[in-house]
Amino acid sequence: MPSWPLNQWYIAAYSSEIEEGLLGRTICDEPLVFYRTSEGEVVGLADRCVHRRYPLSLSHLKDDQIICGYHGFTYDKSGSCVAAPAQKRIPRAARVPSFPVHEQDSFVWVWIGDSDLADTALIPRAPWLDSPDYTVVRGREPIQGRYGLLVDNLMDLSHETYLHGGYIGTPEVAETPITTEVDEEANVVYVSRHMDDAECPPFYANSTGIGGRIIRWQDVEYHAPCLYLLHSRIAPAGVLPPEDGPDDKAFHVEVTYGITPETEHSTHDFWMVARDFALGDEKVTEYLATNNHTVVMQDVVALNILEEVVEGEKENYQELSINIDTGGLAARRILKKLIAAGEAPSAAPAAAPAVAGTV
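Calculation notes
- Throughout this description, residue numbers start from 1 for each chain and increase along the sequence as written.
- Local features in a predicted model are, by the rule used here, given only for residues with pLDDT of at least 70; side-chain atom pairs are given and counted only at 80 or more, and totals for whole chains, interfaces and linings are based on all residues.
- No hydrogens and no water enter the side-chain calculation; it runs on all heavy atoms of the structure.
- Put simply, DSSP marks the helices as runs of H or I at least four residues long and the strands as runs of E at least two long, and each gets a number from the N terminus on.
- Only C-alpha atoms enter the radius of gyration, while the globule expectation follows 2.2 Å times N to the 0.38, with N the number of residues.
- Burial classes follow relative accessibility: with a 1.4 Å probe on protein chains only, a residue under 20% of its type's maximum area counts as buried, one over 50% as exposed, and anything between as partly exposed.
- When checking whether two residues touch, look at their non-hydrogen atoms; a contact exists if any pair is within 4.5 Å.
- Each accessible area value is a Shrake-Rupley result obtained with a 1.4 Å probe; residue values ignore everything except the protein chains displayed when judging cover.
- Just so you know, the count uses Lys and Arg for positive and Asp and Glu for negative, and it drops His and the chain ends.
- Note on charges: their place is set at NZ of Lys, CZ of Arg, CG of Asp or CD of Glu.
- Note on aromatic pairs: the rings of Phe, Tyr and Trp (six-membered ring only in Trp) are paired at centre separations within 6.5 Å, and the planes decide the class, stacked below 30 degrees, edge-to-face beyond 60, tilted for the rest.
- Residue ranges for the domains trace back to a domain assignment, done automatically or taken from a database.
- When two parts are put together, the accessible area they lose, computed with a 1.4 Å probe and summed over both, is reported as buried area.
- Counted as salt bridges are all cases of a side-chain nitrogen of Lys or Arg within 4 Å of a carboxyl oxygen of Asp or Glu.
- Here a polar contact means two N or O atoms within 3.5 Å. Within protein one must be a hydrogen donor candidate and the other an acceptor candidate, and residues neighboring in sequence count only if both atoms are side-chain atoms.
- We call a set of buried residues a nonpolar core when its members are Ala, Val, Leu, Ile, Met, Phe, Trp, Tyr or Cys and they connect through side-chain atoms within 4.5 Å of each other.
- Two strands qualify as a pair provided that DSSP identifies no fewer than 2 bridges between them.
- On a scale of 0 to 100, pLDDT captures the predictor's confidence in every residue.
- Between N-to-C directions, angles cover 0 to 180 degrees, with each direction set by a line fitted to C-alpha atoms, over the stretch in contact for helices.

Undergrad: Can you walk me through the overall build of the chain in this structure?
TA: Each helix and strand in the chain was counted, giving 6 helices and 18 strands. A compact globule built from 359 residues should have a C-alpha radius of gyration of about 21 Å, and the chain, at 22 Å, falls within 12% of that. C-alpha extents for the chain along the principal axes are approximately 75 × 50 × 35 Å. Relative to its 359 residues, the chain shows a buried fraction of 48%. Partitioning the intrachain contacts of the chain with sequence separation of at least 6 by distance along the chain shows that 61% fall at a separation of at least 24. For the chain, the accessible surface area stands at approximately 16,900 Å², while carbon and sulfur atoms represent 50% of it. Considering the chain, the positive charge centre built from 27 side chains and the negative charge centre built from 54 side chains are found 9 Å apart.

Next comes the structure, spelled out in structure tokens:
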């Protein structure tokens, strides 16, 4: 049994990664190849020629068909072989598996499991990533560590104080208690940390121009198994959301992660930062992209180290958990439930940026 749930949607790529040509990527131990047809449809197939297993992602795309770069077996978008050298009659078994894919909110999602169960209504939303009301920076980093380590990392943001000091971490993040709620039916974990008088970290001071103390709210939604949303509200100390009307005295940042297993010991870390301020300011865009990449790489280094530690430790090692771990423990429990069930979850509610006064 794999360490991730089957019969689930996973983020395979950004839509912008699949334009012309072939993209090879391993998702949940499945080597896959993706391409976009002349009509704009994204196709996902197993990345192995049925003949001698040559990677189709290293082959050729012509007229919406993949021509294997080894012996010329040719596949249409359904995975059926439509041509083979010196072969007038194509064997019925000459096909590669196809995978359901769906584009939404700048992502290409792929269904891993029984294709008959694939339902796009189950895919959680992150509409700000495609909205003209936000400017987005994004990237993807490989982690040489198991998928659950990144889930743990993101569900407990107290590590910002120690691992990301000088960037996004301040003492208040670790000192402020959290609240945790779980939607068992939708398999969503909510974790909130509201800091009403906090130091402004450089990440926000240099992008918003706020000086002095701030109100800093962190509201997390983890839509198991793949999508992580962090709604951040930043405002000068004392500036609370109005009871009515727009929260236009605050700055809002939507931090989004796609947490996708590659193999049992490696993970795709898709990261995005969307902001609703300084939309056309290229200096702010470059600053946030550079600094968030630094933060992500600090996590990558730590998680690569943890993978070596966990892989080499004795069986039945007992961790110690405390109050700040309630969100992470809830996420572990939901993932364990989904792995055991091996069935599609109930439709998750559409996520939306945190609304002032309701988080």
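Undergrad: Sorry, what's going on with helix α1 (residues 147-155) here?
TA: Since the α-helix packs 3.6 residues into each turn, any two residues three or four apart lie on the same face. Of all 9 residues in α1, 7 are buried, a share of seventy percent or more. Every buried residue of α1 is accounted for by Tyr 147, Leu 149, Leu 150, Val 151, Asn 153, Leu 154 and Met 155.

Undergrad: Please clarify how the packing of aromatic side chains should be interpreted in this entry.
TA: Two aromatic rings, taken as a pair, are described by how far apart their centres are and by the angle between their planes. Taken as a whole and judged by the stated rule, the model has 8 aromatic pairs. Summarising the aromatic geometry, the rings of Phe 203 and Tyr 204 are spaced 5.2 Å apart at their centres and angled 85° between planes, so their arrangement reads as edge-to-face. Of the residues examined, Phe 203 reaches a relative accessible area of 2% and is grouped as buried. Members of the aromatic cluster, connected to one another through ring pairs, are Tyr 14, Phe 107, Trp 109 and Phe 270.

Undergrad: Sorry if this is basic, but what is going on with the domain arrangement of the chain here?
TA: Accessible area lost upon the coming together of the parts serves often as the stated size of an interface. Considered domain by domain, the chain is made up of domain 1 (8-121) and domain 2 (126-343). Put simply, the middle of domain 1 and the middle of domain 2, counted by C-alpha atoms, are 32 Å apart. Contacts between the two partners involve 17 residues from domain 1 and, on the opposite side, 25 residues from domain 2. In this assembly, domain 1 packs against domain 2 so that about 1,600 Å² is buried in total across both faces, 61% of it on carbon and sulfur atoms. Of all residues in domain 1, Ile 11, Tyr 14 and Asp 105 give up the largest surface area on contact with domain 2, accounting jointly for 34% of the area buried on that side. Here domain 1 and domain 2 share 0 salt bridges between them. Put simply, domain 1 and domain 2 have 10 residue pairs in polar contact (both at pLDDT 80 or more) between them.

Undergrad: How should the nonpolar core be read in this particular structure?
TA: Considering soluble globular proteins, one finds that nonpolar side chains tend to be buried as a cluster. Met 155, Tyr 222, Tyr 228 and Ile 259 are the most contacted members of the largest nonpolar core, which has 95 residues in total. Not counting chain neighbours up to four residues away, the residues in contact with Met 155 comprise Val 189, Val 191, Val 220, Tyr 222, Tyr 228, Gly 327, Gly 328 and Ala 331.

Undergrad: Explain the pairing of strand β14 (residues 188-198) to me, please; I cannot follow it from the model alone.
TA: Side-chain positions along a regular strand alternate between the two faces of the sheet. Bridging between strand β13 (residues 179-183) and β14 involves 5 bridges; their strand directions are antiparallel. Along β14, the bridge assignment pairs Val 182 with Val 189. Linkage of β13 to β14, two consecutive antiparallel strands, is achieved through a turn of 4 residues, within which Asn 187 is found at a positive phi near 60°.

Undergrad: I tried to follow the confidence of the model for the chain on my own but got confused; where do I start?
TA: Do not read the predicted coordinates in detail wherever pLDDT is low. When the pLDDT values of the chain are averaged, the result is 94; 95% of them are 70 or greater. When the criterion is pLDDT under 50, residues 344-359 qualifies, and its contacts beyond four places in sequence or with other chains add up to 44 contacts.

Undergrad: What is the right way to look at the sheet that holds strand β1 (residues 8-14) in this model?
TA: Note: strands within a sheet are paired through backbone hydrogen bonds, in either parallel or antiparallel orientation. The 3 strands are arranged β1-β11-β10 in an open sheet whose pairing can be described as antiparallel. The strands lining the two open edges of the sheet, one partner per strand, are β1 and β10 (101-104). Each neighbouring strand pair of the sheet contributes to a mean axis angle of 35°, computed without reference to strand direction. Two elements, β10 and strand β11 (residues 107-112), share 4 bridges in a ladder whose sense is antiparallel. Looking across to β11, one finds that Glu 103 is bridged to Val 108.

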